[in-house]
Amino acid sequence: MDCIFCAIIEGRAPAEVVFEDEETLAFMDINPANPGHTLVIPKRHVRNIYDLDEQTAAAVMRATVRVAQAIKRALQPAGMNLVQSNERAGGQEIFHIHIHIIPRWYGDGLRLARPPEVRRTMPIKEAAAGIRREVARK
Ligand code: 5GP
Ligand code: ZN
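In this text, all values refer to a predicted model and were calculated from it rather than measured experimentally.

Student: Break down the sheet that holds strand S2 (residues 24–28) for me, citing the residues and quoting the values.
Tutor: One open sheet accounts for five strands, arranged S1-S2-S3-S5-S4; its pairing is antiparallel. Looking along the sheet, the strands with just one partner apiece sit at the ends: strand S1 (17–20) and strand S4 (79–83). Strand after strand, the sheet turns through a mean of 20° between neighbouring axes, direction not considered.

Written as structure tokens, this is what we have:
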């Protein structure tokens, strides 16, 4: 399988690594949305959130919190966003799960927020009922 993030983990492709432990790696995004934009990934190849097991999820989030706090101390952003995209429709381009840590500054012009018009193609109650049914099956 040809995965650029696996190549980074295995040292076959270069990356600006900022943190590593047994289960995770954090490195700078090659095309940063803002200074300090960092990606956190599991060393195990996982496509996206649908394939993520609990232990790997915990390891990735532990590393994300640690790196986010380090970015705050190092760069002193005014805020920070975590972004994680799944499948093409969700904007996923690299199919090895990753969490974006994106530092924010007032006036940085970055737009991650949804546009103001609220879409109601499904009533909130109906969506909630479907989710409640499925979450109980886990
Ligand atoms: P996605 O849209 O899948 O959530 O984000 C993929 C991210 O990976 C993008 O922000 C992109 O800039 C970054 N990226 C893609 N290829 C490479 C690479 O080879 N090295 C690094 N460091 N980042 C990459
Ligand atoms: Zn991979």
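Student: Any chance you could break down helix H3 (residues 124–135) for me, citing the residues and the numbers?
Tutor: With 12 residues, H3 extends 16 Å from end C-alpha to end C-alpha; this agrees with the ideal 16 Å at 1.5 Å per step. Among the 12 residues of H3, zero are classified as buried, and the element is accordingly described as predominantly exposed.

Student: I'd like a rundown of the coordination of the zinc ion (ligand 2), residues and numbers included.
Tutor: Distances from the zinc ion (ligand 2) to its protein donors, Cys 3 (SG), Cys 6 (SG), His 45 (ND1) and His 96 (ND1), fall at 2.0 to 2.3 Å. Classification of the site at the zinc ion (ligand 2) as tetrahedral follows from its four donor atoms and the range of 102 to 118° in their angles at the metal. Mapped onto the sequence, the residues coordinating the zinc ion (ligand 2) show the spacing C-x2-C-x38-H-x50-H. Of this pair, His 45 sits in the loop between strand S3 (38–42) and helix H2 (54–75) while His 96 sits in the loop between S4 and strand S5 (99–104), and the two are 51 residues apart along the sequence. Taking the relative accessible area as the measure of exposure, His 96 reaches 0% and is therefore buried.

What counts and how
- Residues numbered from 1 in each chain as written.
- Chains lettered and ligands numbered in written order.
- Predicted model: local features only at pLDDT ≥ 70, side-chain atom pairs only at ≥ 80, totals over all residues.
- Heavy atoms only, no water.
- Pairing = 2+ DSSP bridges.
- Helix = DSSP H or I, 4+ residues; strand = E, 2+ residues; numbered from the N terminus.
- Axes fitted to C-alpha atoms, helices over the stretch in contact; angles between N-to-C directions.
- Expected span 1.5 Å × (residues − 1).
- Buried < 20%, exposed > 50% of the residue type's maximum accessible area, 1.4 Å probe, protein only.
- Donors = N, O, S within 2.8 Å, 3.2 Å for Na, K, Ca; no water.
- Tetrahedral: all angles 85-135°; square planar, octahedral: opposite > 155°, others 65-115°.

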